[in-house]
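What follows is the residue order along each chain.
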Amino acid sequence: MPEMHFRVRWPDDSVSDCYSPSLVVKEHLEAGRRYPLAEFVERSATALNIGSERVRQKYGFACSSAMDQLRRIEETAARFDGAADPQVLVESFTP
């Protein structure tokens, strides 16, 4: 399966390089676009769950790397709970 990496900039200007086991992430996130924090987490969860399911369909098991990535996104996002209008910038995609 073609994998995809995507770089995000968090509300505190820290940067994370994220992993998706599938190109589906580009259907849910757009490079150069800012997302409200909750929307970013929701879109990431959708894309990563779809990607993991595609791995399951092809190989017979879910993608643990996708689920680990989702957990890291959720943990990072939790740091900004209560912040005024936190935004996440999707900077780029790399195949």
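Above: the structure in question.
Please read all numbers here as calculations on a predicted model, not as lab measurements. (Residues numbered from 1 in each chain as written. Predicted model: local features only at pLDDT ≥ 70, side-chain atom pairs only at ≥ 80, totals over all residues. Heavy atoms only, no water.)

**Describing the nonpolar core**
Okay, so step 1: Of all hydrophobic cores here, the largest spans 26 residues; its most connected members are Phe6, Val8, Trp10, Leu29, Phe40 and Ile73.
Okay, so step 2: When residues of this core are traced back to their parent elements, those giving at least two are β1 (4–9), β2 (15–20), α2 (37–59), α3 (64–78) and β4 (87–94).
Okay, so step 3: A total of seven residues in this core trace back to one element, the largest contributor, which is α2.
Okay, so step 4: The contact partners of Trp10, leaving out residues within four places of it in the chain, are Val15, Ser16, Leu37, Phe40, Ile73, Thr76, Ala77, Phe80, Gln87 and Val88. (Core = buried A, V, L, I, M, F, W, Y, C linked by side-chain atoms within 4.5 Å. Buried < 20%, exposed > 50% of the residue type's maximum accessible area, 1.4 Å probe, protein only. Helix = DSSP H or I, 4+ residues; strand = E, 2+ residues; numbered from the N terminus. Contact = heavy atoms within 4.5 Å.)

**Structural notes on α3**
Okay, so step 1: The end-to-end C-alpha distance of α3 is 21 Å, a good match for the 21 Å that 15 residues give at a rise of 1.5 Å each.
Okay, so step 2: Listing the buried residues of α3 in full gives Ala66, Gln69, Leu70, Ile73, Thr76 and Ala77. Each buried residue of α3 sits inside an arc of 130° when the element is viewed along its axis, so together they form one side.
Okay, so step 3: Elements that come into contact with the buried residues of α3 comprise β1, β2 and α2. (Expected span 1.5 Å × (residues − 1). Arc of directions from axis to C-beta.)

**What about the packing of aromatic side chains?**
Okay, so step 1: Counting across every chain of the model gives four aromatic pairs.
Okay, so step 2: Pairing Phe6 with Phe93 gives two aromatic rings, centres 6.3 Å apart and planes at 45°, and the pair type is tilted. Residue Phe6 is found in strand β1, and its partner Phe93 is found in strand β4; the two are separated by 87 residues along the sequence.
Okay, so step 3: The exposure class of Phe6 is buried, given its relative accessible area of 1%.
Okay, so step 4: By relative accessible area, which is 17% here, Phe93 ends up buried.
Okay, so step 5: Pairing Trp10 with Phe80 gives two aromatic rings, centres 6.2 Å apart and planes at 15°, and the pair type is stacked. (Phe/Tyr/Trp six-rings, centres within 6.5 Å; stacked < 30°, edge-to-face > 60°.)

In short, geometric facts, not functional conclusions.
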